[in-house]
Amino acid sequence: MMRRLGIALPPVAAILVAAAPHHAPHAAQAGHGAARSAVVGVSGSPQNAHAYAAAGAAAYETDFPQPLVARIAGGDGAAPKVRFRCEQPDCKLYILDAPSDFERSDPRTFTIGASDRKVSARVSITAPRLGTYTVSVALADAKGGSRADAAVYSLTVR
């Protein structure tokens with residue numbers, strides 16, 4: 001039996017105590033003191049809309065009637081930019097009535113600014129097949145952010 005700090009421990013417990021991580025008193029904790037922001041979906045999901053295709057076209061076009069509305073929770077109060085992204089690789093995502101701060105990253109992704117920590121966008125999807133598509137809305141500066149920090153919308157092209 002091993003003794004540590006005057007407490008008798010069984011051998012397995014002694015190994016666990018000895019292997020437990022010890023933090024230096026002045027070590028900075030990751031994320032300590034910084035408020036973490038997340039995008040929270042307010043409305044716009046799920047929704048579905050009829051798709052249209054021009055004669056001979058290889059893709060369907062669908063305009064969704066309700067805007068995707070989200071709010072930014074947490075953070076420092078700055079006016080962030082928000083990234084909308086269609087998660088399926090064969091999907092092209094468009095914004096209807098784009099604001100002046102609209103930026104396109106690629107055919108699946110665009111960025112707009114939030115106003116009063118809220119963002120709203122009516123979207124259109126162009127895709128080669130009918131089905132359900134997932135659109136995530138996250139802070140634009142999130143480096144590959146986690147899905148836990150994004151609002152996820154389900155849009156069905158029918």
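Computed from a prediction, not measured in an experiment: that's the story for all the values here.

Quick notes on the overall build of the chain
Argument step 1. In terms of regular secondary structure, the chain is built from 1 helix and 13 strands.
Argument step 2. Along the chain, helices (α) and strands (β) appear in the sequence β-β-α-β-β-β-β-β-β-β-β-β-β-β when read from the amino end.
Argument step 3. Per-residue burial for the chain yields a buried fraction of 32% across its 158 residues.
Argument step 4. Contacts spanning at least 24 positions in sequence make up 69% of the contacts within the chain whose residues lie at least 6 apart.
Argument step 5. With an accessible surface of roughly 9,700 Å², the chain has 57% of that area assigned to carbon and sulfur atoms.

Let's talk about the environment of Val40
Argument step 1. Within the secondary structure layout, Val40 lies in strand β3 (residues 38–43).
Argument step 2. Each C-alpha atom of the pair Val40 and Ile72 lies 6.2 Å from the other, and the pair is 32 residues apart in sequence.
Argument step 3. Residue contacts for Val40: discarding those within four places in its chain leaves Val69, Ala70, Arg71, Ala73 and Ala151.

Looking at the pairing of strand β10 (residues 109–113)
Argument step 1. Across the 5 residues of β10, 4 count as buried, placing the element largely inside the fold.
Argument step 2. Here 5 bridges tie strand β7 (residues 81–86) to β10, and the two strands are oriented antiparallel to one another. Residue pairing for β10: Val82 is matched across the bridge by Ile112.
Argument step 3. Note that strand β9 (residues 103–106) and β10 share 3 bridges and pair antiparallel. Pairing of Arg104 across the sheet is with Phe110, part of β10.

Notes on the state of the cysteines
Argument step 1. The full count for this structure, using the stated rule, is 1 disulfide.
Argument step 2. In this model, Cys86 is linked to Cys91 through a disulfide, with the two sulfur atoms separated by 2.2 Å. Across the S-S bond linking Cys86 and Cys91, the dihedral sits near 110°, which makes this disulfide right-handed. The pair formed by Cys86 and Cys91 is uniform in burial state, with each residue classed as buried.

Quick notes on the sheet that holds β7
Argument step 1. As summarised here, the arrangement of the 6 strands in space is β4-β13-β12-β7-β10-β9, forming an open sheet in which the pairing is mixed. Of all strands in the sheet, those with a lone pairing partner are β4 (47–49) and β9, marking the two edges. Along the sheet, successive strands turn relative to each other by an average axial angle of 25°, direction set aside.
Argument step 2. Relative to strand β12 (residues 131–139), β7 runs antiparallel, the two sharing 5 bridges. Bridge pairing in β12 links Val82 to Leu139.

A few points about the environment of Ser136
Argument step 1. Relative to the elements of secondary structure, Ser136 occurs in strand β12.
Argument step 2. Overall, Ser136 belongs to the buried group, its relative accessible area being 9%.
Argument step 3. A sequence separation of 97 residues divides Ser136 from Val39, and the C-alpha atoms of the two residues are 9.5 Å apart.
Argument step 4. Ignoring sequence-local partners within four residues, the contact set of Ser136 consists of Arg83, Phe84, Arg85, Glu87, Ala151 and Val152.
Argument step 5. At a separation of 2.4 Å, a polar atom in the side chain of Ser136 contacts the side chain of Glu87.

Quick word on the side chain of Arg83
Argument step 1. With respect to the helices and strands, Arg83 occurs in strand β7.
Argument step 2. Buried charged residue Arg83 carries no salt bridge. Nearest counter-charge: Glu87, at 6.9 Å.
Argument step 3. At a separation of 3.5 Å, a polar atom in the side chain of Arg83 contacts the main-chain carbonyl oxygen of Ala140.

A look at the nonpolar core
Argument step 1. With 29 residues, the main nonpolar core has Phe84, Leu93, Phe110, Val123, Ile125, Val135 and Val137 as its most contacted residues.
Argument step 2. Looking at this core, the elements with two or more residues in it are β6 (68–73), β7, β8 (92–96), β10, β11 (118–127), β12 and β13 (151–157).
Argument step 3. Per-element accounting of this core gives the leading share, 5 residues, to β11.

Definitions and cut-offs
- Residues numbered from 1 in each chain as written.
- Predicted model: local features only at pLDDT ≥ 70, side-chain atom pairs only at ≥ 80, totals over all residues.
- Heavy atoms only, no water.
- Helix = DSSP H or I, 4+ residues; strand = E, 2+ residues; numbered from the N terminus.
- Buried < 20%, exposed > 50% of the residue type's maximum accessible area, 1.4 Å probe, protein only.
- Contact = heavy atoms within 4.5 Å.
- Areas by Shrake-Rupley, 256 points an atom, 1.4 Å probe, with all protein chains shown as cover.
- Pairing = 2+ DSSP bridges.
- Disulfide = S-S within 2.5 Å.
- Axes fitted to C-alpha atoms, helices over the stretch in contact; angles between N-to-C directions.
- Polar contact = N/O pair within 3.5 Å; in protein donor to acceptor, adjacent residues only side chain to side chain.
- Lys, Arg positive; Asp, Glu negative; His and termini not counted.
- Salt bridge = Lys/Arg side-chain N within 4 Å of Asp/Glu carboxyl O.
- Core = buried A, V, L, I, M, F, W, Y, C linked by side-chain atoms within 4.5 Å.

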